[in-house]
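Structural overview
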Amino acid sequence: ERVQIWLPLLSSVSFLMAKAVKKLFGFGPVATVSIEFNDMDTRRVIDMPAKDDEEVQRVPVFRGEEAISGRIVITPVDGKRFEHTGIKVELIGQIVLSYERVEKQDFTPVVRQLEPAGEVSSERVLEFDFPTVDKQFDSYAGLNAQLRYFVRVTAVRSYASNVVHEQEFWVENDFPEPESNNGIKTEVGIEDFLHIEFEYDRSKYLLNDVVLGKVYFILTRLKIKHMELAVVRRESIG
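Notes on the structure in this doc start here. (Residues numbered from 1 in each chain as written. Predicted model: local features only at pLDDT ≥ 70, side-chain atom pairs only at ≥ 80, totals over all residues. Heavy atoms only, no water.)

Each helix and strand counted, the chain has one helix and 15 strands in total. Within the span of the chain, comprising 238 residues, buried residues form 28% of the whole. Considering only contacts in the chain between residues 6 or more positions apart, those separated by 24 or more positions represent 62%. Element-wise, carbon and sulfur atoms account for 52% of the exposed surface of the chain, whose accessible area totals about 17400 Å². (Helix = DSSP H or I, 4+ residues; strand = E, 2+ residues; numbered from the N terminus. Buried < 20%, exposed > 50% of the residue type's maximum accessible area, 1.4 Å probe, protein only. Contact = heavy atoms within 4.5 Å. Areas by Shrake-Rupley, 256 points an atom, 1.4 Å probe, with all protein chains shown as cover.)

In this section: the layout of surface pockets. The calculated volume of the largest pocket comes to roughly 760 Å³. In terms of lining, the largest pocket is formed by 25 residues, of which the most central are Asp 138, Asn 173, Leu 206, Leu 207 and Asn 208. Breaking the lining of the largest pocket down by element, the ones donating at least two residues are strand E10 (140-141) and strand E12 (163-171). Per-class residue counts for the lining of the largest pocket are twelve nonpolar, four polar and nine charged. (1 Å grid on protein atoms, 1.4 Å probe; cavity = no way out; pocket = protein on both sides within 12 Å on 5 of 7 lines; lining within 4 Å. Points joined across faces, edges and corners; volume = space filled by probe spheres on them. Nonpolar A, V, L, I, M, F, W, Y, C, P; charged D, E, K, R; others polar.)

Right, let's talk about empty space enclosed by the protein for a bit. To find leftover empty space, one rolls a probe the size of a water molecule over the atoms. As enumerated under the stated definition, the model contains one cavity of 30 Å³ or more in all. In this structure, the largest cavity spans a volume of roughly 50 Å³. Around the largest cavity, the lining residues are Met 48, Pro 49, Ser 139, Tyr 140, Ala 141, Gln 146, Leu 147, Arg 148, Tyr 149, Glu 168, Phe 169 and Trp 170. Those elements that place two or more of their residues in the lining of the largest cavity are E10, strand E11 (145-156) and E12. Looking at side-chain class alone, the lining of the largest cavity contains eight nonpolar, two polar and two charged residues.

Okay, the sheet that holds strand E4 (residues 68-76) next. One open sheet accounts for three strands, arranged E1-E4-E9; its pairing is antiparallel. Two strands close off the open sheet at either side, each with one partner strand: strand E1 (31-37) and strand E9 (124-130). This sheet shows a mean twist of 20° between the axes of neighbouring strands, independent of strand direction. Note that E1 and E4 share seven bridges and pair antiparallel. (Pairing = 2+ DSSP bridges. Axes fitted to C-alpha atoms, helices over the stretch in contact; angles between N-to-C directions.)

What follows deals with the side chain of His 84. Here His 84 lies in strand E5 (residues 82-84). In this structure His 84 comes out as buried when scored by relative accessible area, which is 4%. In this structure the side chain of His 84 is engaged in a polar contact, spanning 3.1 Å, whose partner is the backbone nitrogen of Gly 86. Contacts of His 84, omitting those with residues within four sequence positions, involve Glu 115, Pro 116, Ala 117, Gly 118, Glu 119, Val 120, Ala 155 and Val 156. (Polar contact = N/O pair within 3.5 Å; in protein donor to acceptor, adjacent residues only side chain to side chain.)

This part is about a nonpolar patch on the surface. Together, Val 215, Phe 217, Ile 224, Met 227 and Leu 229 make up a nonpolar patch on the protein surface, roughly 440 Å² of accessible area in all. Within the element layout of this structure, Met 227 appears in the segment after strand E15 (213-220). Relative accessible area serves as the criterion here: at 38%, Met 227 is assigned to the partly exposed category. (Patch = residues over 30% accessible without salt bridge, like charges linked within 9 Å, V, L, I, M, F, W, Y side chains within 5 Å. Salt bridge = Lys/Arg side-chain N within 4 Å of Asp/Glu carboxyl O.)

Moving on: the nonpolar core. Among the nonpolar cores identified, the biggest contains 28 residues, and Ile 68, Ile 72, Ile 74, Phe 128 and Phe 169 are the most heavily contacted of them. Of all elements in the fold, only E1, E4, strand E6 (86-97), strand E7 (103-115), E9, E11 and E12 reach the threshold of two or more residues within this core. What Phe 169 contacts, discounting residues up to four positions off in sequence, is Phe 37, Val 59, Pro 60, Phe 62, Ile 68, Leu 91, Lys 135, Ser 139, Tyr 149, Phe 150 and Val 151. (Core = buried A, V, L, I, M, F, W, Y, C linked by side-chain atoms within 4.5 Å.)

Another point: the sheet that holds strand E14 (residues 194-200). The strands making up a sheet associate through hydrogen bonds between their backbones, and the pairing can be parallel or antiparallel. Overall, antiparallel pairing links the three strands, which are arranged E13-E14-E15 in an open sheet. Of all strands in the sheet, those with a lone pairing partner are strand E13 (184-190) and E15, marking the two edges. For this sheet, the mean angle separating the axes of adjacent strands, direction not counted, is 15°. Alignment of E13 against E14, held across seven bridges, turns out to be antiparallel. Residue pairing in the sheet places Gly 189 in a bridge with His 195 of E14.

Before going further, it helps to examine the pattern of salt bridges. Summed over the entire model, instances satisfying the criterion amount to 15 salt bridges. For the salt bridge of Arg 71 with Glu 36, the shortest nitrogen-to-oxygen distance reads 2.9 Å. Placement of Arg 71 in strand E4 and of Glu 36 in strand E1 is noted, with a sequence separation of 35 residues between them. Overall, Arg 71 belongs to the partly exposed group, its relative accessible area being 33%. Classification of Glu 36 by relative accessible area gives partly exposed; the value is 33%. Between Arg 152 and Glu 166 there is a salt bridge, with the nearest N and O atoms lying 3.0 Å from each other. With Arg 152 in strand E11 and Glu 166 in strand E12, this pair connects stretches of sequence that are 14 residues apart.

Spelled out as structure tokens, the structure:
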């Protein structure tokens, strides 16, 4: 019975000691951070595609030529202040390849310094604005490749972990119609037994377009039980 009495007590003491050590040496979060884009009440939002182990995020949609602006809210945990050597905000485009191993490549990174060294003792609101960042590529979320855009805020700390928060957004660009977009025909079959022709109304499509076409059975000397059509999206990396 003595063991049954002391084990819960030891567990509670260990938990409290671990919590105290984290506070003493600066482990664990010292602040909560949120990034809010401007015009969210009128801007279109979408559910960003996610993998099986990720939650679906609702993100705002921007055009490539649009400015990215908003505000950052930093709130210390438990009302306690923390020191930093500077607060910066970045707008980053990133290509993520995860075919064999995860590889990340940043492009068009832009950095803005928001505050010099100091401390945050209460809720701090900081404005940011990226007026002329070229976002020429569309966002993409595939099985083995992603092209993502996000805003990252970092409060740099000398002797503890930095305070970092990221907020993604989606980019869609308007591209001109291709000068030539004629229909195409393909043929499949078995010589002297089966000849089928596929006709597509055009050769280039957007990812959300409807594919229209016709199937012609030119020669059928085989018994056909059923036929299925499928649209296959294939990713090419390299």
